[in-house]
Amino acid sequence: MDGTYALGPGQIFTVFFIMLGPFQLLQPFAKATKDMPQPQVVSLAVKSVLAVIPILIVLGLCGRTLMENWNIPRAVLELTAGLIFAYVAFSIVLPGKQKAEPKSEEPKEPVPVTALGVAMKMVVSAHGLATLIVLLAVSKDYERTLLIFGVLVVVMILNLLAMIYKRIFLGKVGAAAMQVFGVVLGVMQAGMALAIIHYSLMELHKGFLG
């Protein structure tokens, strides 16, 4: 716990890294750009990150404004964040069986890969955006809000490096290391999520008694 907040800077980084980081981005990006020359991949990666940062900031601030207008208690917001973190963490640590996609007999035409497409379809996720909105809604001062955005930008820079050096990360050694690292982060986030849930329930209990 970080002062009056349930998450400190390191914990925010862990959450953003799992929710909006390279784990969900690398494989679809590598598949979409497998036939691109490296200079074009680098250009696309840079443009995608430059596009996604303002998109996330605007959507996050808009979501926070809506949450504030609903006057949801802070402890309830923290409980919501804890439940989201737990859901994503346990889906990493205890993945379910995925259904095989039906094969289409008709060949699909290649979809043009654009910076906005990468930003919205590969980087931004529903649970990642929800996490950003809840963290911003809980934030009560500018320093905390700037910290959240600062950590977000750091994670987006890591996404940029992952996209540029995708071959290294998706090689045999890189893929194995990422899988182990992902499980470790998932376990950490699961524990952190349960701690946040406990903390928020205690705050709600105090509120009821008070």
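Note that the coordinates shown come from a computational prediction; the quantities given were computed from them, not determined experimentally. (Residues numbered from 1 in each chain as written. Predicted model: local features only at pLDDT ≥ 70, side-chain atom pairs only at ≥ 80, totals over all residues. Heavy atoms only, no water.)

### Structural notes on the confidence of the model for the protein
Let me state the cut-off plainly: Residue-level confidence of the predictor is summarised by pLDDT, bounded by 0 at the bottom and 100 at the top. Every helix listed is a DSSP run of H or I at least four residues long, and every strand listed is a run of E at least two residues long, numbered separately from the N terminus. The contact criterion used throughout is that any non-hydrogen atoms of two residues lie within 4.5 Å.
The predicted model of the protein averages 82 in pLDDT, with 86% of residues at 70 or higher. Taken element by element, the protein is modelled with least confidence in helix 9 (residues 172–209), mean pLDDT 77, and with most confidence in helix 7 (residues 142–164), mean pLDDT 94. Contacts for the low-pLDDT stretch residues 98–102, under 50 throughout, to residues beyond four places or in other chains number zero contacts.

### A closer look at helix 5 (residues 115–123)
Note the threshold: We call a residue buried when its accessible area falls under 20% of the maximum for its residue type, exposed when it is over 50%, and partly exposed in between, using a 1.4 Å probe and counting protein chains only. This arc is built from the directions going out from the helix axis to the C-beta atoms.
Among the residues making up helix 5, those that are buried are Ala115, Val118, Ala119, Met122 and Val123. Taken end-on, helix 5 shows its buried residues confined to a sector of 115 degrees, consistent with a single buried face. Residues of helix 5 that are exposed and point over 90 degrees away from its buried face: Leu116 and Lys121. In this structure, the buried side of helix 5 is in contact with helix 1 (9–20), helix 2 (22–32), helix 3 (38–69) and helix 7.

### Overview of the nonpolar core
Side chains that are nonpolar tend, in soluble globular proteins, to be buried together. So the rule is basically this: Definition of nonpolar core: a set of buried residues of the types Ala, Val, Leu, Ile, Met, Phe, Trp, Tyr and Cys, connected through side-chain atoms within 4.5 Å.
The biggest cluster of nonpolar side chains holds 58 residues, and the ones touching the most others in it are Phe16, Phe29, Leu56 and Met156. For this core, the elements supplying multiple residues, two or more each, are helix 1, helix 2, helix 3, helix 4 (74–93), helix 5, helix 6 (126–138), helix 7 and helix 9. Top contributing element to this core by residue count: helix 7, with nine residues.

### Thoughts on the packing of helix 2 against helix 7
Convention followed: Between N-to-C directions, angles cover 0 to 180 degrees, with each direction set by a line fitted to C-alpha atoms, over the stretch in contact for helices. In these notes the angle categories are as follows: under 35 degrees is roughly parallel, over 145 is roughly antiparallel, 65 to 115 is roughly perpendicular, and the rest is oblique. Should the near helix be turned anticlockwise from the far one by less than a right angle, the crossing is left-handed, and should it be turned clockwise, the crossing is right-handed.
Axis separation between helix 2 and helix 7 bottoms out at 10 Å; the angle between their running directions is 30 degrees. By the angle between their axes, helix 2 is roughly parallel relative to helix 7. Crossing geometry of helix 2 relative to helix 7 is assigned as right-handed. Contact residues: helix 2 offers Pro22, Leu25, Leu26 and Phe29, while helix 7 offers Leu158, Asn159, Ala162 and Met163.

### Focus on helix 1
So the rule is basically this: Here the expected length of a helix is defined as 1.5 Å per residue gap, with one fewer gap than residues.
End to end, helix 1 covers 16 Å across 12 residues, agreeing with the expected 16 Å (1.5 Å per residue, within 8%). If you check which residues of helix 1 are buried, you get Ile12, Thr14, Val15, Phe16, Phe17, Ile18, Met19 and Leu20.

### A few points about the environment of Val187
One can find Val187 in helix 9. The spatial distance from the C-alpha of Val187 to the C-alpha of Phe90 is 7.8 Å, given a sequence separation of 97 residues.

### Focus on a nonpolar patch on the surface
Going by this rule: For patch detection, residues must exceed 30% relative accessible area and be free of salt bridges, and they are connected within 9 Å for like charges or within 5 Å for nonpolar side chains (Val, Leu, Ile, Met, Phe, Trp, Tyr). Where accessible areas are quoted, they stem from the Shrake-Rupley method and a 1.4 Å probe; at the residue level, only the protein chains shown are allowed to cover. We define a salt bridge as a side-chain nitrogen of Lys or Arg found within 4 Å of a carboxyl oxygen belonging to Asp or Glu.
Among the surface-exposed residues, Phe90, Val93, Leu94, Val183, Val187 and Leu194 lie close enough to one another that they form a single nonpolar patch of about 500 Å² accessible area. Counting only elements with at least two residues in the nonpolar patch, the list comes to helix 4 and helix 9. Per element, the largest residue contribution to the nonpolar patch is three residues, and it comes from helix 9. As for its placement among the helices and strands, Val183 is situated in helix 9. For Val183, a relative accessible area of 39% corresponds to the partly exposed category.

### Focus on the side chain of Lys166
Defined as follows: Polar contact is the term for a pair of N or O atoms within 3.5 Å; when the atoms are in protein, one must be able to donate a hydrogen and the other to accept it, and sequence-neighboring residues count only if both atoms are side-chain atoms.
Of note, Lys166 is situated in helix 8 (residues 166–169). A distance of 2.6 Å separates polar atoms of two side chains, one belonging to Lys166 and the other to Thr33. Discounting chain neighbours no more than four positions away, the residues touching Lys166 are Leu26, Phe29, Ala30, Thr33, Lys34 and Val41.

### Some details on the packing of aromatic side chains
We apply this condition: To pair, rings of Phe, Tyr and Trp, with the six-membered ring standing in for Trp, must have centres within 6.5 Å; the planes then decide the type, stacked if under 30 degrees apart, edge-to-face if over 60, and tilted in the middle.
Within the structure shown, the criterion is met by two aromatic pairs. Ring centres 5.4 Å apart and planes at 85 degrees place the aromatic pair Phe17 and Phe23 in the edge-to-face group. The partly exposed category is assigned to Phe23, whose relative accessible area is 29%.

### Concerning the packing of helix 3 against helix 5
Our working rule: Think of it as three bins: nonpolar holds Ala, Val, Leu, Ile, Met, Phe, Trp, Tyr, Cys and Pro, charged holds Asp, Glu, Lys and Arg, and polar takes everything else, Gly as well.
Direction vectors running N to C along helix 3 and helix 5 enclose 60 degrees, while the axes themselves pass 8 Å from each other. On the basis of the axis angle, helix 3 is oblique to helix 5. Judged by the twist between their axes, the crossing of helix 3 over helix 5 is right-handed. Of the residues in helix 5, those touching helix 3 at Leu44, Lys47, Ser48, Ala51, Val52 and Ile55 are Ala115, Leu116, Val118, Ala119, Met120 and Val123. Residues belonging to the contact of helix 3 with helix 5 are distributed by class as follows: 10 nonpolar, one polar and one charged.

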